[in-house]
Amino acid sequence: MTLTTRFAPSPTGYLHVGGARTALYSWLYAKKNGGDFILRIEDTDLERSTQASVDAIMDGMNWLNLEWTHGPYFQTKRFDRYKEVIEQLLASGNAYRCYSTAEEVEAMREEAKEKGEIEKYNGLWRDRTDYPEGQPYVIRFKNPIGGDVVIKDMVKGDITISNDQLDDLIIARTDGTPTYNLTVVVDDWDMKVTHVVRGDDHISNTPKQINILKALGAPLPEYAHIPMILGDDGKRLSKRHGAVSVMQYRDDGYLPEALLNYLVRLGWSHGDQEIFSREEMIELFDLTGCNRAPSAFNTDKLIWVNQHYMKTLAPEYVAEHLQWHMDDQGIDTSNGPALSEVVKVQADRVKTLKEMAQISRYFYEDFDELDPKAVKKHLRPVTVEPLNVVKSKLAALSEWVPELIHDAINDTATELEVGMGKVGMPLRVAATGGGNSPSLDITLALLDKDIVLARIDNAIKVVEERIANS
Ligand code: GLU
């Protein structure tokens, strides 16, 4: 039998980091065991489900490169099958028509509450067959009376729930549509899911699902309930904490490798190792190694992981992701250095690709204005001479390479008997528009010689204006 896991999101919003982590753990566990990973869209809530959400979820999965082997299946396409199973449960005496009205059910709960009993349906219609003509009814599952349900959870260990705690839950509404616990059971059964990996917010559904599976004579899957993700304030992670949508992390400048690596560690560990390639994750991950307690999201750590990957992944690959941000920021990269060269010099200077794009604009575009602070500090009247001298030396270079550029700057400083900085800083402001850049010889080499010379002329003009105005 093929080990099979699934990710079963309800398409009522984007793919958030909690969902992505659940998807990742399911995917990893399948991959690790040479199994299948199913994507199932649980879209039975017609009012809240949207195609835009389906697209957003698949975009997120694609961006993270969590490819599914089967699906996407849509629950709304499987209503006939659910109906069939509901009929089967009715026929085998494991379900019954319930004609109690909402008010009556409410009254039963109230009564139970007053008696200090568990608030649930009292089973009034459990064994009746005197169906009133033309009245609406729901279909309830006949939960076993007495005994326990044991969840053998791979993360949390054994959890025992007494059947008396469980309600005869509704499996079909008055309009005949199936409810969540029924559809999940039928799907997990039909799709031969062997391992249900999901958030522990579903743990209260598990005993109900186990009882229905048993009533159907279906094999029970293994369960792994993953604790939730908290924000840095200890509360459940939500929009209040900033980005929660996976695609927002792309927009904010994170590499998918970084988010995946961060998410795998958020709730699972392997010694004190922090960095895991995809291959390593697949090899080392295990559901039994997951934390039982919730984990807190830590943006600083995500940034650290992102920096690691920007610096260590192939620059050509990082450049593909950087290209997205250059486009996003309207920077035309068709003329200028190869983006992979920019990655090489900028990767250790930023936290995100978004920032990398922001500080790399000068490689591709002239700037209208120089950073006023840098001008004030570095383009003082005394810099006209060094700028002129270094310009003529740069202009005379036989080859536009870092070594010769470096010599030209060095020779200028020696000739004028000033420190390197007195030449380098004005030149940096001239060439890049500001006081921060990677090493100057490499930065200039990445720019066109003509562009650098023109930018020096422009800076000289700025200094001369400064002199004229003082
Ligand atoms: N559709 C459910 C949700 O999005 C998940 C159900 C399951 O994993 O069993 O929360």
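What comes next concerns the included structure. The structure presented is a predicted model; accordingly, all values stated were derived computationally and were not measured. Within each chain, residue numbers correspond to sequence positions counted from 1 in written order. Restriction of local features to residues with pLDDT of at least 70 applies here, the model being predicted, together with a cutoff of 80 or more for giving and counting side-chain atom pairs; totals for whole chains, interfaces and linings are based on all residues. Computation of side-chain values: all heavy atoms of the structure, hydrogens and water removed.

1. Re a positive patch on the surface
Here is step 1: Patches here: salt-bridge-free residues with over 30% relative accessible area, like charges joined within 9 Å, nonpolar side chains (Val, Leu, Ile, Met, Phe, Trp, Tyr) joined within 5 Å. Each accessible area is a Shrake-Rupley result for a 1.4 Å probe, and residues are judged covered by the shown protein chains and nothing else. One side-chain nitrogen of Lys or Arg within 4 Å of one carboxyl oxygen of Asp or Glu is enough to make a salt bridge. This count recognises Lys and Arg as positive and Asp and Glu as negative, with His and chain-terminal groups excluded. Every charge is mapped onto a representative atom, which is NZ of Lys, CZ of Arg, CG of Asp or CD of Glu. Together, Lys376, Lys377, Arg380, Lys422 and Arg466 give the surface a local cluster of positive charge.
Here is step 2: Numbering of helices and strands starts at the N terminus; helices are DSSP runs of H or I of at least 4 residues and strands are runs of E of at least 2. Structurally, the position occupied by arginine 380 is in the loop between helix H14 (372-378) and helix H15 (384-395).
Here is step 3: For arginine 380, a relative accessible area of 41% gives the class partly exposed. Each residue gets one of three labels from its accessible area relative to the maximum for its type: buried under 20%, exposed over 50%, partly exposed in between, using a 1.4 Å probe on protein chains only.

2. Details of the pattern of salt bridges
Here is step 1: In the structure shown here, the tally under the stated rule is 27 salt bridges.
Here is step 2: Arginine 278 is paired through a salt bridge with glutamate 67; the nearest N and O atoms lie 3.9 Å apart. Placement of arginine 278 in helix H9 (residues 278-284) and of glutamate 67 in the loop between helix H2 (51-63) and strand E3 (70-74) is noted, with a sequence separation of 211 residues between them.
Here is step 3: Classification of arginine 278 by relative accessible area gives partly exposed; the value is 22%.
Here is step 4: Arginine 361 is the salt-bridge partner of glutamate 365, the closest N and O atoms lying 2.9 Å from each other.

3. A look at the site of the ligand
Here is step 1: Nearness of a residue to a molecule or strand requires only that one of the residue's heavy atoms be within 4 Å of it. Arg6, Ala8, Pro9, Ser10, Glu42, Tyr180, Val184, Arg198 and His202 make up every residue found near the ligand.
Here is step 2: Within the contact set of the ligand, an oxygen atom lies 3.2 Å away from a side-chain nitrogen or oxygen of tyrosine 180.
Here is step 3: Polar contacts, as used here, are pairs of N or O atoms within 3.5 Å; protein pairs need one atom able to donate a hydrogen and one able to accept it. Residues neighboring in sequence count only if both atoms are side-chain atoms. Between arginine 198 and the ligand, the recorded distance is 2.8 Å, taken from a side-chain N or O atom to an oxygen atom.
Here is step 4: For the ligand, the protein covers 81% of the area, taking 300 Å² as the surface of the free molecule.
Here is step 5: Three classes are used: nonpolar for Ala, Val, Leu, Ile, Met, Phe, Trp, Tyr, Cys and Pro, charged for Asp, Glu, Lys and Arg, and polar for all others, with Gly counted as polar. For the shell around the ligand, a count of residues per class yields four nonpolar, two polar and three charged.

4. Overview of the nonpolar core
Here is step 1: Residues belong to a common nonpolar core when they are buried Ala, Val, Leu, Ile, Met, Phe, Trp, Tyr or Cys residues joined through side-chain atoms within 4.5 Å. Formed by 52 residues in total, the largest nonpolar core has its most connected members in Leu322, Leu394 and Leu444.
Here is step 2: Considering each element in turn, this core owes the most residues, six residues, to helix H19 (residues 449-469).
Here is step 3: Pairs of residues are marked as contacts when any of their non-hydrogen atoms sit within 4.5 Å. Beyond its immediate stretch of four places on either side in the chain, leucine 444 contacts Leu394, Trp400, Ile405, Leu427, Ala431 and Val452.
Here is step 4: Formed by 50 residues, the second largest nonpolar core is a distinct cluster that contains Phe37, Tyr249, Tyr262 and Phe276.

5. Quick word on the sheet that holds strand E4 (residues 95-98)
Here is step 1: Taken in spatial order, the three strands make up an open sheet running E4-E5-E8, and their pairing is antiparallel. Of all strands in the sheet, those bounded by a partner on one side alone are E4 and strand E8 (170-172). The mean angle between the axes of side-by-side strands here comes to 45°, regardless of whether they run parallel or antiparallel.
Here is step 2: Set on the sheet, helix H3 (residues 79-91) makes contact with E4, strand E5 (138-141) and E8; between it and E4 the angle comes to about 95°. In this scheme, strands are said to pair when DSSP sees at least two bridges between them. Angles run from 0 to 180 degrees between N-to-C directions of axes, and those axes are lines fitted to C-alpha atoms, restricted for helices to the stretch in contact.

6. A closer look at the side chain of asparagine 306
Here is step 1: Residue position: asparagine 306 is located in helix H10 (residues 299-312).
Here is step 2: Beyond its immediate stretch of four places on either side in the chain, asparagine 306 contacts Gly253, Tyr254, Leu255, Ala258, Lys351, Thr352 and Leu353.

7. Regarding the pairing of E3
Here is step 1: Looking at chain direction, strand E2 (residues 36-41) and E3 are connected through three bridges and run parallel. Residue pairing in the sheet places isoleucine 38 in a bridge with histidine 70 of E3.
Here is step 2: Assignment of crossover handedness uses the view with strands pointing away from the viewer, where a clockwise path from the first strand over the helix to the second indicates a right-handed crossover. Following the backbone out of E2, through H2 and into the adjacent parallel E3, one traces a crossover that is right-handed.

8. Examining the pairing of strand E10 (residues 222-226)
Here is step 1: Counting buried positions along E10 yields four of five residues, so the element is predominantly enclosed.
Here is step 2: Pairing geometry for strand E9 (residues 195-199) and E10, over five bridges, is parallel. Its bridge partner being in E10, histidine 195 is matched across the sheet by glutamate 222.

Take it as geometry only, folks, not as evidence of what the structure does.
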